[in-house]
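Summary of the model geometry
Take a look at the letters that make up each chain.
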Amino acid sequence: MRLKSFKQGIHPGYYKGLSENGPIKKCPSPKKVIIPLSQHTGAPCKPLVERKDKVERGQKIGEADAFITSPVHSSITGTVKSIDKQPHPVSGSFDAVIIERDESIEEKEWEKGVIDLEKISADEVRKKVREAGIVGLGGAAFPASVKISPPKEKPIDTIILNGCECEPYLTADHRIMLEYTDDCILGLKVIMKTVGAKKGIVGIEANKMDAFKLFLEKTKDEGNIDVELLEVKYPEGAEKMLIKALLSREVPAGGLPMDVGVVVHNVGTAVSIVEAVRDNKPLIERVVTVTGKGVNNPGNFMVAIGTPFSDVIEAAGGLKDNAVKVIMGGPLMGIAQSGLDVPVVKGTSGILVLTADETDIEEEVNCIRCARCVDHCPMYLIPTEFVKFARGEAWERMDSVNIMDCIECGSCAFVCPSKIPIVQYIKLGKLALRNLKSKKG
Ligand code: SF4
Ligand code: SF4
């Protein structure tokens, strides 16, 4: 079988065997959760509760009045202890609601309902998905209700369900595809119905053959759903690469998948959409891969949003003595953490604990102009230009070399023999450029 793919990209070590074989385990309910009021792209929430308020599992505790935003909910039943600045795994610190669990009360659970695909309306789906606080669970945390509300002038013909999980070490999506197959497929159908797309495609990388075969079998009578096998290559799961690989469509520079008639959703997001629409369950927990040689029992865990990393690592047997680095996400696009008191947020796909021998400690040296970074960039950018302009603080020139098209995949830094932290320069450049533009109005 010919595998679909895109040009360029990299082939890093994957290390998925550490965590991909066991079923998803439940992380014990934490004594305390820290629920940040921003866990998504868009306007941060304002708290709907005050100190000493009693809250129930699933209760909405923060929301904002904006189109691009997502409400937050309590993931346990208990009492609000405080609302103040707390450590945040993405932004360093942010306002959060701290809730202590009331152990005398049994936690609320949601019964499985049914979805009548014939009767359910697009507006009803969008409303429920928004109310439930569903965001993209692949990492970007973009509000799902916005993604399923394309403007009329951008008709959508195809929904892609993203089961690539191309980032090394992470296996949460793999386990979701094996254990929640029916809900993944139902979620795809709900999204297709909502945006009026005639075609659905499930894209799975060839290192998850068990999931591929399961989806093939379960969709064999679905005339409008294809299951496609993709080459194991990084960043195969990036939206623009996936669209190119599966449909040979090119998302224009600065554009979105909807510009070429496509919406891409992660498999975990599809399951959360089903739980919101069918069961009225908000996004209060997610599957997190806890892995790396620095943790005793790697695996996948269902974790309440707001659980401190320390509790999740404890559920995975705790840290080994030689653990040196903790990353939220995978090694290529993840974010290094300075402590374990940060909470799991909606975008936490993994907690990776590395040992010294897995960590790159080589010093950065001068660029040798080998062009390996250029040859591997999946967006056909010139990373050396970003480094040059960032070092010279020539922020406006970064715009002319299309820095905003960079998807921050890290392929350039991965292949760089001089160990230049190219993505750090790119992030710095994007931030400076955004600040400049907002000052100019
Ligand atoms: S320049 Fe951006 S898109 Fe290209 S390889 Fe580097 S991080 Fe990825
Ligand atoms: S890969 Fe590194 S050393 Fe080679 S051209 Fe790019 S920045 Fe320079």
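Bear in mind the structure is a predicted one, so any value in this text is a computation, not a measurement. (Residues numbered from 1 in each chain as written. Chains lettered and ligands numbered in written order. Predicted model: local features only at pLDDT ≥ 70, side-chain atom pairs only at ≥ 80, totals over all residues.)

A closer look at the overall build of the protein chain
So the rule is basically this: Under the DSSP-based scheme used, a helix requires at least four consecutive residues in state H or I and a strand at least two consecutive residues in state E, with every element numbered from the N terminus. Restricting the calculation to C-alpha atoms gives the radius of gyration, and the globule rule supplies 2.2 Å times the number of residues raised to the power 0.38. For every residue, the other C-beta atoms within 10 Å of its own C-beta are counted; 20 or more classify it as buried, 12 or fewer as exposed, and values in between as partly exposed. C-beta atoms are placed from the backbone. For every residue pair, C-beta atoms are placed from the backbone, and the pair is scored as a contact if these atoms sit within 7 Å.
The helix and strand tally for the protein chain stands at 13 helices and 17 strands. Taken over C-alpha atoms, the radius of gyration comes to 21 Å for the protein chain, in line with the 22 Å a tight globule of 441 residues would show. Counting only C-alpha atoms and orienting by the principal axes, one finds that the protein chain spans roughly 65 × 50 × 50 Å. Of all 441 residues assigned to the protein chain, the portion counted as buried reaches 49%. Put simply, 73% of the contacts in the protein chain that link residues at least 6 apart link residues at least 24 apart.

Observations regarding helix H7 (residues 267-279)
Because an α-helix packs 3.6 residues into every turn, residues spaced three or four apart end up facing the same way. Worth spelling out the cut-off: Every helix has an expected span of 1.5 Å times one less than the residues it contains.
For H7, which comprises 13 residues, the first-to-last C-alpha distance of 18 Å matches the rise-based estimate of 18 Å (1.5 Å per residue) to within 8%. Most of H7 sits out of view: 12 of its 13 residues are buried. If you check which residues of H7 are buried, you get Val 267, Gly 268, Thr 269, Ala 270, Val 271, Ser 272, Ile 273, Val 274, Glu 275, Ala 276, Val 277 and Arg 278. Asn 280, located one to two residues past H7, shows a positive phi value of around 60°.

A short note on the site of ligand 1
The condition is simple: Using the backbone to place each C-beta atom, any residue with that atom within 6 Å of a molecule or strand is considered near it. Each residue is assigned to one class: nonpolar for Ala, Val, Leu, Ile, Met, Phe, Trp, Tyr, Cys and Pro, charged for Asp, Glu, Lys and Arg, and polar for all the others, Gly among them.
Around ligand 1, 15 residues are found, and the nearest of them are Cys 377, Cys 406, Cys 409, Ser 411 and Cys 412. Contributing elements (two or more residues each) for the shell around ligand 1: helix H12 (411-415) and helix H13 (422-440). It is H13 that provides the largest number of residues to the shell around ligand 1, a total of three residues. Within the shell around ligand 1, the residues separate by chemical class into 12 nonpolar, two polar and one charged.

Quick word on the sheet that holds strand E11 (residues 225-230)
Defined as follows: Strand pairing requires that DSSP identify at least two bridges connecting the strands. Fitted lines through C-alpha atoms give the axes, limited to the stretch in contact for helices. The angle between two N-to-C directions lies from 0 to 180 degrees.
Reading across from one edge, E11-E10-E9-E12 is the order of the four strands in this open sheet, with parallel pairing throughout. The two strands at the open ends of the sheet, each matched to only one other strand, are E11 and strand E12 (262-266). Adjacent strand axes in the sheet meet at a mean angle of 25°, parallel and antiparallel pairs treated alike. Pairing of strand E9 (residues 158-163) with strand E10 (residues 199-205), which is carried by six bridges, proceeds in the parallel orientation. When the sheet's bridge partners are listed, Gly 163 is paired in E10 with Ile 204. With respect to the sheet, H7 is in contact with E9 and E12, its orientation differing from that of E12 by roughly 85°.

Some words on the packing of helix H3 (residues 172-179) against helix H5 (residues 209-218)
The criterion, for reference: A clockwise turn of the near helix away from the far one marks a right-handed crossing, whereas an anticlockwise turn of less than a right angle marks a left-handed crossing.
Direction vectors running N to C along H3 and H5 enclose 35°, while the axes themselves pass 9 Å from each other. Taken as a pair, H3 and H5 cross one another with a handedness that is left-handed. Within the contact between the two elements, H3 uses His 174, Met 177 and Leu 178 and H5 uses Asp 210, Ala 211, Leu 214 and Phe 215. The class makeup of the residues in the contact of H3 with H5 is five nonpolar, one polar and one charged.

Brief notes about the sheet that holds strand E15 (residues 323-328)
Taking strand neighbours across the sheet as the criterion, the six strands line up as E1-E14-E13-E17-E15-E16 in an open arrangement whose pairing is mixed. Strand pairing shows two members of the sheet lacking a second neighbour, strand E1 (25-26) and strand E16 (335-337), which therefore form its edges. Strands in contact with H3 are strand E13 (285-291), strand E14 (299-304) and strand E17 (350-355); relative to E13, the strand with the most contacts, it is inclined by about 125°.

Considerations on the domain arrangement of the protein chain
Here is the rule we go by: Domain borders in the structure are assigned automatically or taken from a domain database.
Split by domain assignment, the protein chain resolves into domain 1 (117-279) and domain 2 (372-440). Centre-to-centre separation of domain 1 and domain 2, based on C-alpha positions: 29 Å. Across the contact, seven residues belong to domain 1 and seven residues belong to domain 2. Looking at the side of domain 1 that touches domain 2 residue by residue, the class counts come to five nonpolar, one polar and one charged.

Here's the deal with H3
For H3, the buried fraction is high: six of the eight residues fall into the buried class. Inspection of H3 places Ala 172, Asp 173, His 174, Arg 175, Ile 176 and Met 177 among the buried residues, and these make up the whole buried set.

Here we look at the site of ligand 2
Taken together, 14 residues form the shell around ligand 2, and within it Cys 367, Cys 370, Cys 373, Cys 416 and Ser 418 come nearest. Taken together, the elements giving at least two residues each to the shell around ligand 2 come down to helix H9 (372-376) and helix H10 (383-391). When the residues that make up the shell around ligand 2 are grouped by side-chain class, the tally is 10 nonpolar, two polar and two charged.

Focus: the nonpolar core
Rule in force here: To count as a nonpolar core, a set of buried Ala, Val, Leu, Ile, Met, Phe, Trp, Tyr and Cys residues must be joined through C-beta atoms within 7 Å.
With 118 residues, the main nonpolar core has Cys 184, Leu 188, Ile 273, Val 312, Ile 351 and Ile 422 as its most contacted residues. Two domains share this core, each providing at least three of its residues, namely domain 1 (117-279) and domain 2 (372-440). Excluding its chain neighbours within four sequence positions, the residues that come into contact with Ile 351 are Val 288, Val 290, Phe 309, Val 312, Ile 313, Val 326 and Met 328.

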